[in-house]
Every structure is written in C-alpha cells, then in structure tokens.
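Structural overview for review
The residues making up each chain are set out below.
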Amino acid sequence: MDMILEGKAFVNGSFEHCCIGISNGKILSIKKILKGDQHLIFKNKLLLPAAIDIHVHFRDPGMTAKEDFATGSLAAAYGGTSCVCDMPNTLPATTTIQDIIKKKTLANRKSFVDFGVYAGITDANSNSLSSLAQHCNGFKIYLGSSTNALLLPPNKLMDVFYQASKVKKPLFIHAEDESCLLNHKKVEHTLADHLQGRPAVCEEQAIQKILTASSSFLTPIHICHLSSCEGLELLKKRPTHITCGVTPHHTLLNAEQHFPSQSCYKVNPPLRTRLDKESLFDALAHDTIDILESDHAPHTLEEKQQEFDAAPSGVPGVETMVPLFLYLTKKQQLSFQQMTSLLCARPGEILAVPKGKLQPGYDADIMVVDLKKETKITADMLHSKCGWTPFEKFPAIFPLHLFIRGEKLIEDREIQVSRGFGQYIGE
Ligand code: NCD
Ligand code: ZN
Ligand code: ZN
C-alpha cells in the first residue's frame, strides 16, 4: 500500500476510527488497522470524501478577466472540491468537438483539480449528440436566456432526449421557459424587479415541458439550480432518472434581504422569497433534492457594480459551498449522511465517476476537516479572480487538507501542487 490515512472517517453512513489504504490513487481497502509506506494520522479530525461540483463557469476560454481554469480550480481545491464540471457558455461556446477538445487541452494545462466538460446543445448542433458524446461528460441545455446562454427551442427537447438516451450521457438543463421570460420582461432596477421579470411560473413551465418530453425515455436528466416552491412541488413526483440540484445562494439567500449592493446578487434563476429559500433548505434536509451545485458564475466587481439592468447575472460560489455546508452540518441543520450525499456521493453518481465515496475502488479524493476551525468568510481569503463573495461574513468551516487521487493537494490550507495536476474525468 502506498499510503494510509488514519482518522475518524465517514464510511458507509457513519464515522468510525479507521485506516484508509491507498494504492495508485485509489482507495484499496478500509480497515481498523492497515500498514503502508506512508502513514498519516489525523487523530480526531474528520476524513470525508472530497466534494464534486457539477456546475461551474470558469470563463475559459474567452472571458479570463472574470476567471480562468487555474484560478477557478484553485478556488475549488481550497473549498474541498476535488472535481468540477465546466459549463459551455464560454467564448467560443463549447458546442463543437473542436471547441470541446480545445477546452479540455487548456484545462489539462491549468486545472488544479480533476475536471469534466459539457457540450452546449443549441438548434444548430441538436442532431449531433452521438458524435459530441465521446468527447464530453454530458450536455447542457438552456431553455431560457441567461448570461451568454445558448438557447434550445423546447420543441427540440424530445428529439434531444431520444438521442441522449442512445449515448447514455446525462443532460443538464437550465429550466426557465424563454417564452414565459419574454412575457414578463421589464426594465429592472432592483432584485424585486428581477424576480418579477423571471417569476416562478417560468421555472414551473420549463420543468413541465421537460417532464412531458422525457416521459418515454429513461435518459438521465438533471434540473440545475432549482429555485422555487412551484418547481419543487412538480419535482417531488419525478421519476428516478430525473435528478435536481440547488445552489447555496438559493437555499441561504432571498430577494427581500437587505444587501450592500442589489446588482451583485442578480442571478438566474433569481433569488426568490424567504418561503422559497426555506422550502428548498427543508427539501435538502428531507432528501427531496439530489445534490448541491455552486453554479459558480464569477463576474468582476466592476461589471457587477454597473446599473442594475446592465449588470450581468451570476454569483461566485465554488470555494464557499462546502465550507458553508460543513458549518451547517456541524450545527445539525443537515446530517453528515445528507451533506456527503448532496456534495459528494450523488454528484459522483450523476456523472458516473468513481469519486465521492470513501469506498474501495473509488479515487482517493479525501478532505480532512477540523470542526473546531470555524471562520467567517471574507472575500480576501478566497481564490477566485472575481474578488468578491455573496457570503461575506457567513460562518464556515474550510477543510484543512485535501487529497486528490491520493496526492496531497492542500496541506494546512496551502497548495502543494502546480497547475495542471487536475485530470479529465472521462475516457
Ligand atoms: C450564469 C453565468 O454567469 O454564466 N449566470 C447565472 O446567473 N447563473 C449562467 C447560468 O447558469 O444561467
Ligand atoms: Zn443556469
Ligand atoms: Zn450556471
């Protein structure tokens, strides 16, 4: 065995003091006592699977003043995330095999953590899922306009679901209905206006269209960043091949709150009411949501501080997601079983990668956490290029160390590897 990590590990749904044996980057066995070349003992610290964030916008290529694959992935690592999947709304958009290969090449050179990429599906390439499939980890569909979004007309959904069912790659959907959004569109000055312009009914209509169009296919479909009670209600009866995720911002923030700047908190889908927020959090705690996803959408402060209507939508969050929820789990708002399922195990299952569980055969992606190390989030402790956070002053617990494939990536909150360590998670 190359290495043994010993500590209080979360294995099969509970904590036990044990040894995790690692060989060739994989967990080989988990036992009370194991011997290996290197033996690291973490006493009473927690050993948890590292998180997987299936939804980030690292802005590379084309918008690297906001973020690039190096800074975005470094932020992920400091936040306890060993694997990220990047959305296709870059410049150029990731909609052709050539552009997907280019993005993978740049990510390979720059990424600190393991990564996947999605192909964006638009009217133009909606017949090409089978050829795109071999090069990506899934497909992204926008049913409503968002920042640099690619749109797919809803009448194409059924055909796209059919093609996806043949290639067995998951589809990730931004579920706001474009015709509904256009009906409500208005000039916006505040978060309340933004909410009125993108009401819950638009999310409901998009989800309804997805449920109808997908009813004869068993292809895996993921509804991204669910944000409303109405959407949640519809998804309570969903078939098992349909999964859904929520973001930290939709579960911890709402539009009526007093914020230092309104435009910083402009995001799609919008922050909604306190009731929406509380219902989503409650759904996390009652196992009706599959995963947490950050929808890390960095924009510079300069861009965000424009007039509300001109400011781009999106908030950063890849580095703060795990620390916020580690703290909330310590405070017993969620159980460790729920937290690790939402952040690690279920995202791994959705992507069909051997990550997200402390189990033999899985990648040795492990975070070491000291629950006593509570801090308050401030922008200056974070690593994204955008330089701000919607969670300023929120209590959080950042992991002390992070291992990816058995390599120590972060030790005592210091990065130990160079850019390019991260690997592509597909074939
Ligand atoms: C995202 C972005 O900025 O790329 N913005 C957002 O408000 N969430 C796009 C998206 O995921 O819709
Ligand atoms: Zn989106
Ligand atoms: Zn997004």
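Coordinates for the structure precede this section.
A brief look at the structure comes next. This one's a predicted model, so the numbers in the text were calculated from it and none came from an experiment.

1. Some points on the pattern of salt bridges
Under the counting rule described, the total for this entry stands at 23 salt bridges. Of the charged contacts, one joins Arg 346 and Asp 290 as a salt bridge, the two residues approaching to 2.7 Å between their closest N and O atoms. In this pair, Arg 346 is assigned in helix 13 (residues 336–351) and Asp 290 in the loop between helix 10 (274–285) and strand 13 (291–292), connecting sequence segments 56 residues apart. Taking relative accessible area as the criterion, Arg 346 reaches 23% and is therefore assigned partly exposed. Several salt bridges share partner residues, and in doing so they unite Lys 26, Asp 114, Lys 355, Asp 363, Asp 365 and Arg 405 into one network.

2. Let's talk about the state of the cysteines
If you walk through the whole model with that rule in mind, you get one disulfide. Covalent S-S linkage joins Cys 180 and Cys 202, the inter-sulfur distance amounting to 2.2 Å. Its S-S torsion of about -75 degrees marks the bond between Cys 180 and Cys 202 as left-handed, since a negative value means left-handed. Taken together, the positions of Cys 180 in helix 5 (residues 178–184) and Cys 202 in helix 7 (residues 200–213) put the pair 22 residues apart, joining distant regions of the chain. A single burial state applies to Cys 180 and to Cys 202, both of which are buried. Of the cysteine sulfurs around Cys 85, a residue in no disulfide, the closest is that of Cys 83, at 5.2 Å.

3. What about the coordination of the zinc ion (ligand 2)?
A four-donor tetrahedral metal ideally has 109.5 degree angles, and a six-donor octahedral metal ideally has angles of 90 or 180 degrees. On the protein side, the zinc ion (ligand 2) has His 174 (ND1) and His 225 (NE2) as donor atoms, found 2.1 Å from it. Classification of the site at the zinc ion (ligand 2) as irregular follows from its four donor atoms and the range of 53 to 139 degrees in their angles at the metal. Between the zinc ion (ligand 2) and the zinc ion (ligand 3), the interatomic distance is 3.5 Å. Taken together, the residues span a long stretch of sequence, with His 174 in strand 10 (residues 171–174) and His 225 in the loop between strand 11 (221–223) and helix 8 (229–235) at a distance of 51 residues. As far as burial versus exposure is concerned, His 174 and His 225 are alike and both buried.

4. Some details on the coordination of the zinc ion (ligand 3)
For the zinc ion (ligand 3), the full set of protein donor atoms is His 55 (NE2), His 57 (NE2) and Asp 295 (OD), at a range of 2.0 to 2.1 Å. One can describe the site at the zinc ion (ligand 3) as irregular: its four donor atoms subtend angles covering 88 to 144 degrees at the metal. Of note, the zinc ion (ligand 3) draws all its donor residues from one chain, in the sequence arrangement H-x1-H-x237-D. The buried category is assigned to His 57, whose relative accessible area is 5%.

5. Observations regarding the sheet that holds strand 3 (residues 26–31)
Spatially, 3-2-1-4-14-17-18-19 is the arrangement adopted by the eight strands of the open sheet, whose pairing is mixed. The sheet is open, and its two edges are formed by strand 3 and strand 19 (414–415), each paired on a single side. Against the sheet, helix 13 makes contact with strand 1 (3–11), strand 2 (14–23) and strand 4 (38–49), and its axis sits at roughly 100 degrees relative to strand 4, the strand it touches most.

6. Re the site of ligand 1
Near ligand 1 there are 16 residues, and of these Arg 59, Asn 89, Ser 146, Asn 268 and Asp 295 occur at the shortest range. Note that an oxygen atom of ligand 1 is positioned 2.8 Å from one of the side-chain N or O atoms of Arg 59. Between ligand 1 and the protein, one listed contact pairs an oxygen atom with a side-chain N or O atom of Asn 89 at 2.8 Å. Alone, ligand 1 offers 320 Å² of accessible surface; in the complex the protein occludes 100% of this.

7. Some words on the packing of aromatic side chains
One pass over the structure, following the stated rule, counts 12 aromatic pairs. Taking 5.7 Å as the distance between ring centres and 65 degrees as the angle between the ring planes, the aromatic pair formed by Phe 69 and Phe 115 counts as edge-to-face. Of this pair, Phe 69 sits in helix 1 (residues 69–78) while Phe 115 is found in strand 7 (residues 114–117), placing the two residues 46 residues apart along the sequence. For Phe 115, a relative accessible area of 0% translates into the label buried. With a centroid separation of 5.9 Å and an interplanar angle of 45 degrees, the aromatic rings of Phe 115 and Tyr 424 are classed as tilted. Residue Phe 115 is found in strand 7, and its partner Tyr 424 is found in the segment after strand 19; the two are separated by 309 residues along the sequence.

8. Brief notes about helix 10
Helix length check: helix 10, at 12 residues, gives a terminal C-alpha distance of 17 Å against a target of 16 Å (1.5 Å per residue), a fit within 8%. Within the sequence span of helix 10, burial applies to Asp 276, Lys 277, Leu 280, Phe 281, Ala 283 and Leu 284. Viewed along the axis of helix 10, the buried residues span an arc of 155 degrees, placing them on a single side of the element. Counted as exposed and oriented over 90 degrees from the buried face of helix 10: Arg 274 and Leu 275. Close packing links the buried residues of helix 10 with helix 8, strand 12 (242–246), helix 9 (248–252), strand 13, helix 12 (321–330) and helix 13. Phi turns positive, to about 60 degrees, at Asp 287, one or two residues after helix 10.

Conventions we followed
- Residues numbered from 1 in each chain as written.
- Chains lettered and ligands numbered in written order.
- Predicted model: local features only at pLDDT ≥ 70, side-chain atom pairs only at ≥ 80, totals over all residues.
- Heavy atoms only, no water.
- Salt bridge = Lys/Arg side-chain N within 4 Å of Asp/Glu carboxyl O.
- Helix = DSSP H or I, 4+ residues; strand = E, 2+ residues; numbered from the N terminus.
- Buried < 20%, exposed > 50% of the residue type's maximum accessible area, 1.4 Å probe, protein only.
- Disulfide = S-S within 2.5 Å.
- Donors = N, O, S within 2.8 Å, 3.2 Å for Na, K, Ca; no water.
- Tetrahedral: all angles 85-135°; square planar, octahedral: opposite > 155°, others 65-115°.
- Pairing = 2+ DSSP bridges.
- Contact = heavy atoms within 4.5 Å.
- Axes fitted to C-alpha atoms, helices over the stretch in contact; angles between N-to-C directions.
- Near = heavy atom within 4 Å.
- Polar contact = N/O pair within 3.5 Å; in protein donor to acceptor, adjacent residues only side chain to side chain.
- Areas by Shrake-Rupley, 256 points an atom, 1.4 Å probe, with all protein chains shown as cover.
- Phe/Tyr/Trp six-rings, centres within 6.5 Å; stacked < 30°, edge-to-face > 60°.
- Expected span 1.5 Å × (residues − 1).
- Arc of directions from axis to C-beta.

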